[in-house]
Amino acid sequence: MASVFGFLSSSRKQKLRTTRAHRLRMSPSLRIVTSLTPCRSVLSKSSEAMSEIDVSRPKPNIASKLDWLSNFSELIPDTFTIDGLEYKPKSGTVSGQLVLRLLEQKGQQFIDEEVNRALAASIDRVPSMTQSIQPQARLAAERRSLYATVAANLADKVSGKVSLEVDPRVSHDAKLVMEEVQELAKVLHDNGVEVKSKILFKIPGTWEGILAAKMLTLQQEFGCQVTHIYSMAQATAAADAKVAVIQPYVGRINDWYRANPLKAPHELDTSNYGVDLVKKIFNFVKKYDMESKVMAASIRNVDEAIMLAGIDYMILAPSLIQSLASLPGSFGPPALSPELAANAYFTPQDVRGHELGECAEELLETGLKSAGATVDKVEQFLANTAIGNM
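Small disclaimer: the values here were computed from a predicted structure and weren't measured.

**A short note on the overall build of the protein**
- In terms of regular secondary structure, the protein is built from 16 helices and ten strands.
- Summarising the internal contacts of the protein: among those between residues at least 6 apart in sequence, 72% fall at separations of at least 24.
- On the protein, roughly 17800 Å² of surface is accessible, and the fraction owed to carbon and sulfur atoms is 52%.

Structure (structure tokens):
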């Protein structure tokens, strides 16, 4: 039986303690480490993951590249609606960026319909906050209520699952990540959402985040989607944690290597390191029959989407979905499939527990900082709205 790397064995923990002085200087939360353990054969796919993609039966009427791609991968728009295009996604995603965009674009309508509802719900949930005893805690309750309201509305519109972002500002503390998920789950339940069957909690791929995702998955049966994946080390750790979805970012990785060309991997004869990493993660997960699925994000153009055809999920901007819809379809095979992954070759070095590497370390830090700043803006908006309603 081929070998893959376990999440964190007790022997590995001892090794981590004895080799701490030899590591690169970086935050412990950014050290994604795994250990070599026997591969576990997975006899059935996780029922908590999203619906399976049938790649064996091409659609008889493929009018566009969008139709062709949809036949092999589930496409998730990073918005509610796509103007001028009849496209009904099966799944959806809610992030701080989406909520902030709704606040900025819909204005008073969104405030009247969603924000004020979130404010009222947070007061009902935490009555002591109305006396301004803990204003920051009240803002957190309001934000959770708003996110849950948006997620509940989206869950009503799609047949599959909705990914919901967990506060990225707590991603370096496993306990706080778990508490945030539990609080969101309560609010979602109050909004009538079947949490375990409809929601995936998006948790950043720090060491503590992956540890929290593992415990939430295995102990509490929540669906978890590990985001901000920029390295095989993070991906193999998340897969071993049996999370539902692993989410690497194509464009961000390419941006980093374009800015740092001398640091590009010499063994790769390519200029699209983001696509290569996503393919490698997909092939690893499928070859070793792991339970996780792979979702490609930060896809910048049609070519990248086509190169990743066959991946479980991809998040696409509305403009990219429209571009795909305008291109003629084809009946060609996808670039990725479990059958092709079975022939992929991995050396122990490919998947051995190791430091993130400079690219992943930097992108994880900047990605969390940017995502945290977005949440700050959402809470500032809520604070101003709350003051105006007092």
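**Description of the sheet that holds strand E7 (residues 223–229)**
- The eight strands are arranged E3-E10-E9-E8-E7-E6-E5-E4 in an open sheet whose pairing can be described as parallel. Two strands close off the open sheet at either side, each with one partner strand: strand E3 (74–77) and strand E4 (92–94). If you compare each strand with its neighbour and ignore which way they point, the axes differ by 25° on average.
- In the sheet, strand E8 (residues 245–248) pairs with strand E9 (residues 293–296) via two bridges, with the strands oriented parallel. In the sheet register, Val245 faces E9, and the bridge partner there is Lys293.

**Focus on the pairing of E9**
- Of the two faces of E9, the one lined by Lys293 and Met295 and the one lined by Val294 and Ala296 are each fully buried.
- Bridge analysis of E9 against strand E10 (residues 313–316) gives two bridges, and the strand direction is parallel. By the bridge assignment, Ala296 is partnered in E10 with Met314.
- Crossover connection from E9 via helix H12 (residues 302–307) to parallel E10: handedness right-handed.

**Section: the packing of helix H6 (residues 174–190) against helix H8 (residues 207–220)**
- For the pair H6 and H8, interaxial distance at closest approach is 8 Å and the crossing angle is 50°. When the axis of H6 is compared with that of H8, the two are oblique. Here H6 runs over H8; the crossing is right-handed. Between H6 and H8, the contacting residues are Ala174, Val177, Met178, Val181 and Gln182 on the first element and Glu208, Leu211, Ala212, Met215, Leu216 and Gln220 on the second.
- Its residues assigned to classes, the contact of H6 with H8 comprises eight nonpolar, two polar and one charged.

**Overview of the pattern of salt bridges**
- According to the stated counting rule, one finds 15 salt bridges in the structure shown.
- For Glu180, the salt bridge goes to Arg144, with nearest N and O atoms at 3.2 Å. Highlighted residues: Glu180 in helix H6 and Arg144 in helix H5 (residues 135–157), separated in sequence by 36 residues. Residue Glu180 shares its accessibility class with Arg144, and that shared class is buried.
- Put simply, Asp255 and Arg258 hold a salt bridge, and the shortest N to O gap is 2.7 Å. Of the two residues, Asp255 and Arg258 both sit in helix H10 (residues 250–259), three residues apart, roughly one turn of that helix.

**Focus: the nonpolar core**
- In this structure, Phe201 and Met314 are the most contacted members of the largest nonpolar core, which totals 107 residues.
- Other than its neighbours up to four places away in sequence, Met314 contacts Leu69, Ser73, Glu74, Leu75, Ile76, Met295, Ala296, Ile299, Ala305, Leu308 and Ala309.

**Concerning the pairing of strand E5 (residues 162–165)**
- The alternating pattern of E5 places Val162 and Leu164 and Ser163 and Glu165 on opposite faces, both of which are buried.
- The pairing of E4 with E5 spans three bridges and is parallel. Its bridge partner lying in E5, Gly92 is registered against Val162.
- Taken together, the four bridges between E5 and strand E6 (residues 199–204) define a ladder with parallel strand orientation. Residue Glu165 lies in a different strand from E6, and its bridge partner there is Lys202.

**Some points on helix H9 (residues 232–240)**
- With respect to burial, H9 is a largely interior element, nine of its nine residues being buried.
- For H9, every residue scored as buried is listed here: Met232, Ala233, Gln234, Ala235, Thr236, Ala237, Ala238, Ala239 and Asp240.
- Just downstream of H9, Lys242 is the residue with a positive phi angle, here 65°.

**Some words on the packing of aromatic side chains**
- A full pass over the atoms with the stated rule returns eight aromatic pairs.
- Taken together, a centroid distance of 5.6 Å and an interplanar angle of 35° make the contact between Tyr230 and Tyr249 tilted. Placement of Tyr230 in the loop between E7 and H9 and of Tyr249 in the loop between E8 and H10 is noted, with a sequence separation of 19 residues between them. Assigned by exposure class, Tyr230 and Tyr249 land together as buried.

**Considering the confidence of the model for the protein**
- For the protein, mean pLDDT is 80; residues scoring 70 or higher make up 72% of the total.
- Under a pLDDT of 50 for its full length, residues 127–133 has, in the predicted model, seven contacts with residues more than four places off or in other chains.

**Looking at the packing of H9 against helix H11 (residues 273–287)**
- Contact geometry of H9 with H11 gives a least axis separation of 10 Å together with a crossing angle of 25°. With respect to each other, H9 and H11 are oriented roughly parallel. For H9 against H11, the interelement crossing comes out right-handed. Only Leu277, Lys280, Ile281, Phe284 and Val285 of H11 make contact with H9, whose side of the interface consists of Met232, Ala235, Thr236 and Ala239.
- Its residues assigned to classes, the contact of H9 with H11 shows seven nonpolar, one polar and one charged.

**Re unusual backbone geometry**
- For Glu221, which is not glycine, the phi dihedral falls at a positive 60°.
- Tracing the backbone through its elements, the reader meets Glu221 in the loop between H8 and E7.
- Residue class for Glu221 comes out exposed when judged on its relative accessible area of 52%.
- The backbone of Asp289 shows a phi angle near 55°, a positive value even though the residue is not glycine.
- Owing to a relative accessible area of 27%, Asp289 belongs among the partly exposed residues under this scheme.

The rules behind each value
- Residues numbered from 1 in each chain as written.
- Predicted model: local features only at pLDDT ≥ 70, side-chain atom pairs only at ≥ 80, totals over all residues.
- Heavy atoms only, no water.
- Helix = DSSP H or I, 4+ residues; strand = E, 2+ residues; numbered from the N terminus.
- Contact = heavy atoms within 4.5 Å.
- Areas by Shrake-Rupley, 256 points an atom, 1.4 Å probe, with all protein chains shown as cover.
- Pairing = 2+ DSSP bridges.
- Axes fitted to C-alpha atoms, helices over the stretch in contact; angles between N-to-C directions.
- Buried < 20%, exposed > 50% of the residue type's maximum accessible area, 1.4 Å probe, protein only.
- Right-handed = clockwise from strand over helix to strand, strands pointing away.
- Parallel < 35°, antiparallel > 145°, perpendicular 65-115°, else oblique.
- Left-handed = near helix turned anticlockwise from the far one by under 90°.
- Nonpolar A, V, L, I, M, F, W, Y, C, P; charged D, E, K, R; others polar.
- Salt bridge = Lys/Arg side-chain N within 4 Å of Asp/Glu carboxyl O.
- Core = buried A, V, L, I, M, F, W, Y, C linked by side-chain atoms within 4.5 Å.
- Phe/Tyr/Trp six-rings, centres within 6.5 Å; stacked < 30°, edge-to-face > 60°.
- pLDDT = per-residue confidence, 0-100.

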